[in-house]
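Chains, contacts and geometry: an overview
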Amino acid sequence: MVDPRVQIEMYAWMKLARTFDEQMVAMWKQGRGLGGTFSGRGHEAIGVGAGMALGPDDIVAPMHRDLGTYLVRGMSPERIFGNMLGRATGASRGRDANLHGVGDLGLGIIGFISHLPQSLPTTLGVAMSFRYRGEPRAAMTFVGDGGTTSGAFHETLNMAGLWQAPFVLVIENNQYAYSTPLDQQMHSPNFSERAGVYGITTATVDGNSVVDVHAACTEALERARAGGGPTVIEATTMRMLGHAIHDGAEYVPAGLLEEWERRDPVAGHRRHLTEAGIASEATLDRLDVAARERIATAVAEAERAPLPDPDTLTDGVYA
Amino acid sequence: MNDNFGFTDAPASAGRELTYLEAIAEGIRLEMERDENVLVMGEDVGGDFGGAFKVTRGLAARFGDHRVLNTPIAELGFTGMANGMAMMGLRPIIEMQFADFISTAFDSIVQFASTAHYRMGASVPWVIRAPSDGGIRSGPFHSQNPEAWFVHTPGLKVVAPATPADAKGLLAGAVRDDNPVIFFEAKPLYRSVRSHVPEGEHVVPLGKAEVRRHGTDVTVITYGSMVHQALAAADAVEPDGISTMVLDLRSLKPLDTEAILTAATATGKVIVAHAANRMAGVGAEVAALVADEAFDALDGPVRRLGGADTPVPFSPPLEDAYRPNAEKIATSIRDLAAW
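Since the model is a prediction, treat every value here as computed from it, not as a measurement.

1. Side note on the overall build of chain B
Looking only at helices and strands, chain B has twelve helices and 14 strands in total. Here the C-alpha atoms of chain B give a radius of gyration of 19 Å, agreeing with the 20 Å that 2.2 N^0.38 yields for 339 residues. Principal axes of the C-alpha set define a box for chain B whose edges measure 60 × 45 × 40 Å. Long-range contacts, defined as pairs at least 24 residues apart, comprise 81% of the intrachain contacts of chain B with a sequence gap of at least 6.

Below, the structure written as structure tokens:
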């Protein structure tokens, strides 16, 4: 069994991510946002479970549904909200939008680009640098079901298998690529089978169970660091809101959302903690309040923060 | 395979003269000796084979397979991989087997690598070696000069050496640069040009053009294989009493604007010539720069010579019609001199 303190920490991070997400969605609906943004509602167990499995020297390239990974890795809510609001204090200093471009190599985070499958070969390169230097480190990234149909996905898995790189990929199968359901994306959505033919260890986990995601990622990362090669983990979940804030996702059958709502990862883990006697309702309530306060502080600071000086337009184009 | 594509081998000579290809190979070897973070990767570069053009031959034996990585045919993937390696402090030299194939890697270059520092302050210090250019009867997909795509992309640097010494020196400059650099090698020069190359460390700074020939009547601004065609054209018009300056850009991004304006102002008559097709090519940017900033010094229109707005054709009469050459440049020099 996972250490009870770790399980409570998982709840705290998921609650922080969920609270951030809800606050963000509310702000954008109120017109307090800037540009578009992407909700990760329903993906908290994946972002947090994977993020907590990473070691201090590992490197991760999360995507736009993985807010929990950024938070666990030490990216402050202020820097992320600041990024979303285009502030000079945001992670990309006003250069990139929402969770895009939110990277900081000092925290071991690579910022993704909108061409999401790009994170795969990039992260494989990070893994290959570890192999090149003989360092016991691993590199992890994420992709949606949508990204698995790209050429970059297959090119990367082929090379990861060929070189047995210390590379871990989490496929967040959230049933939709924007408006297109799985059955219109591929003949057979068996991701483990696909990765397996490239010589990669595979696992399929309940992406709404933070404990299961954490266990699968921990095992994969340990294997990678020890020279045991790459792993692809399929984490099954559901995108609970639209592709982006503007998208009402009317194309998703209501029944499907109701089914997944019953499997909500945050509420589910809370239930598990209380039923297993790991934490009391009062303890978890205190964590809920702490998350709300933390996010309120972050939003207030981000909204107060300055916008970038237009004179800095060309700063940083070149190293 | 005829590695030389019908070009006559450069005459052998004693001492420190190298072909363009040998100079690149020496540049790579010295950078790998200097810095263990430098590695070579690409299709067929490893083992005893040493690449389609043999530029990397001997490197695997000298440095080991882990520093000379043979990749599958997956330009998008292995260039993306180089992005990750470079962010971790390695300095990959990627051989794109032919520059024509670079389009397959486009996202990894123009979307990820070029923006990483602006977005997240992460430098991506790789070099892509791109064997480019035609005139060697290789058809539409082994003859291209795609430099304009990358000159148009913020965050990249682009170089195009014309001489063996610059090929070695710019290679070193590109490897040591903290940004992604695309190094366009002119295939027709690989074995047809042989000249002095400094021994040992030799670094040519990026962004510095070089006057190859001084002149007072007409200035030809060019790069890559067309430098040699421009020099031949300058010789050809000399008996007519026309004195031609030839400026070799060497770096296409950043452009040496000061050298361009100085060379344009020196004669007041400017021809920009490149092997890439003329439409929206690098020559258009150079011509616009001259028109913008040296207009008062001009005594005639800025002429542009470049490939036709067609795919690069295979058959000799068609390819010759497509490409600029010394004769066409000489005709343009005479026309402009008489303006």
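2. A short note on the domain arrangement of chain B
Residues and elements named next belong to chain B. For chain B, the assigned domains read domain 1 (17-196) and domain 2 (210-337). Contact with domain 1, which involves 26 residues of that partner, is made by 22 residues of domain 2. Counting only elements with at least two residues in the side of domain 1 that touches domain 2, the list comes to α6 (147-151), β6 (157-159), α7 (164-176) and β7 (181-186). Considering only residue class, the side of domain 1 that touches domain 2 consists of 15 nonpolar, six polar and five charged.

3. Topic: the confidence of the model for chain B
A low pLDDT score tells you not to read the predicted coordinates there in detail. All names here are of chain B. Per-residue pLDDT for chain B averages 95, and the proportion of residues at 70 or more is 96%. Here residues 1-7 scores under 50 on pLDDT; set against residues more than four positions off or in separate chains, the count is 13 contacts. Across the interface, the model reports ipTM at 0.97; the global pTM reads 0.96.

4. A closer look at the nonpolar core
One finds Val 170 of chain A together with Phe 183 of chain B to be the most contacted residues of the largest nonpolar core, which totals 193 residues. No other element matches the ten residues that helix α1 (residues 4-29) of chain A contributes to this core. Mapped onto the domain boundaries, this core takes at least three residues apiece from domain 1 (17-196) and domain 2 (210-337) of chain B. Every residue in contact with Phe 183 of chain B, bar those within four places of it in the chain, is listed here: Val 127, Ile 128, Arg 129, Ala 130, Val 159, Leu 170, Leu 171 and Ala 174 of chain B.

5. What to know about the interface of chain B and chain A
Taken residue by residue, the interface counts 31 residues in chain B and 32 residues in chain A. When contributions to the side of chain B that touches chain A are tallied by element, the ones reaching two or more residues are α3 (75-87), α4 (106-113) and α5 (116-120) of chain B. Per element, the largest residue contribution to the side of chain B that touches chain A is ten residues, and it comes from α3 of chain B.

6. Quick look at the sheet that holds strand β9 (residues 210-213) of chain B
All names here are of chain B. Spatially, five strands are ordered β9-β11-β10-β13-β14 in an open sheet, and the strand pairing comes out mixed. If you trace the sheet from one side to the other, it starts and ends with β9 and β14 (303-307), each paired once. Adjacent strand axes in the sheet meet at a mean angle of 25°, parallel and antiparallel pairs treated alike. In this sheet, strand β11 (residues 244-248) lies alongside β9 in antiparallel orientation, the contact comprising three bridges. Across the sheet, residue Val 211 finds its bridge partner in β11, namely Leu 247. In the packing of helix α8 (residues 225-237) onto the sheet, contacts are made with β9, β10 (218-222), β11 and β13 (270-277), and the angle to β11 comes to roughly 175°. Each of β9, β10, β11 and β13 touches helix α9 (residues 257-267); the most contacted strand, β10, lies at about 155° to it.

7. Digging into helix α10 (residues 282-293) of chain B
All names here are of chain B. For α10, with twelve residues, the first-to-last C-alpha span of 17 Å sits near the 16 Å given by 1.5 Å per residue. Within α10, burial applies to Val 282, Gly 283, Val 286, Ala 287 and Val 290. Along α10, the residues classed as buried sweep out an arc of 135° about the axis, all on the same side. Structural note: α10 exposes Ala 288 and Asp 292 on the side pointing more than 90 degrees away from its buried face. Tucked into the core, α10 has its buried residues touching α6, β10, β12 (251-253), α9, β13 and β14.

8. As for the sheet that holds strand β3 (residues 68-70) of chain B
Residues and elements named next belong to chain B. Pairing within the open sheet is mixed, and its seven strands lie in the order β3-β2-β4-β5-β7-β6-β12. Looking at the sheet topology across the chains shown, the edges are occupied by β3 and β12. Each strand axis lies, on average, 20° off the axis of its neighbour in the sheet, ignoring direction. Bridge analysis of strand β5 (residues 127-132) against β7 gives six bridges, and the strand direction is parallel. Considered in β7, the bridge of Ile 128 is made with Ile 182.

9. Let's talk about the environment of Thr 156 of chain A
Mapped onto the elements, Thr 156 of chain A comes out in helix α6 (residues 151-163). C-alpha of Thr 156 of chain A to C-alpha of His 269 of chain A: the two residues are 113 residues apart in sequence and 33 Å apart in space. Those residues in contact with Thr 156 of chain A that sit more than four places away from it in its chain are Leu 120, Pro 121 and Leu 124 of chain A together with Gly 77 of chain B.

Parameters at a glance
- In this numbering scheme, every chain counts its residues from 1 along its sequence in written order.
- Chains carry letters and ligands carry numbers; both start at the beginning, A for chains and 1 for ligands, and go up in the order they are written.
- Reporting of local features is limited, given that this is a predicted model, to residues whose pLDDT is at least 70; pairs of side-chain atoms are given and counted only at 80 or more, and all residues count toward the totals for whole chains, interfaces and linings.
- Secondary structure counts use DSSP, requiring at least four H or I residues in a row for a helix and at least two E residues in a row for a strand, with both numbered from the N terminus.
- With the radius of gyration taken over C-alpha atoms, the globule rule is written as 2.2 Å times the number of residues to the power 0.38.
- This entry defines residue contacts through backbone-placed C-beta atoms, with two residues in contact when those atoms are within 7 Å.
- Residue ranges for the domains trace back to a domain assignment, done automatically or taken from a database.
- The nonpolar class holds Ala, Val, Leu, Ile, Met, Phe, Trp, Tyr, Cys and Pro. Asp, Glu, Lys and Arg form the charged class, and all remaining residues, Gly among them, are polar.
- Every residue is assigned a pLDDT by the predictor, reflecting its confidence on a scale from 0 to 100.
- The term nonpolar core means buried Ala, Val, Leu, Ile, Met, Phe, Trp, Tyr and Cys residues held together as one set by C-beta atoms within 7 Å.
- With C-beta atoms placed from the backbone, the exposure class of a residue follows from how many other C-beta atoms lie within 10 Å of its own: 20 or more, buried; 12 or fewer, exposed; in between, partly exposed.
- Any two strands between which DSSP finds at least two bridges are classified as paired.
- Here an axis means a line fitted to C-alpha atoms, over the contact stretch when the element is a helix, while the angle between two N-to-C directions is reported on a 0 to 180 degree scale.
- In a helix, the anticipated span is given by 1.5 Å times the number of residues less one.
- The reported arc concerns the directions from the helix axis to the C-beta atoms and nothing else.

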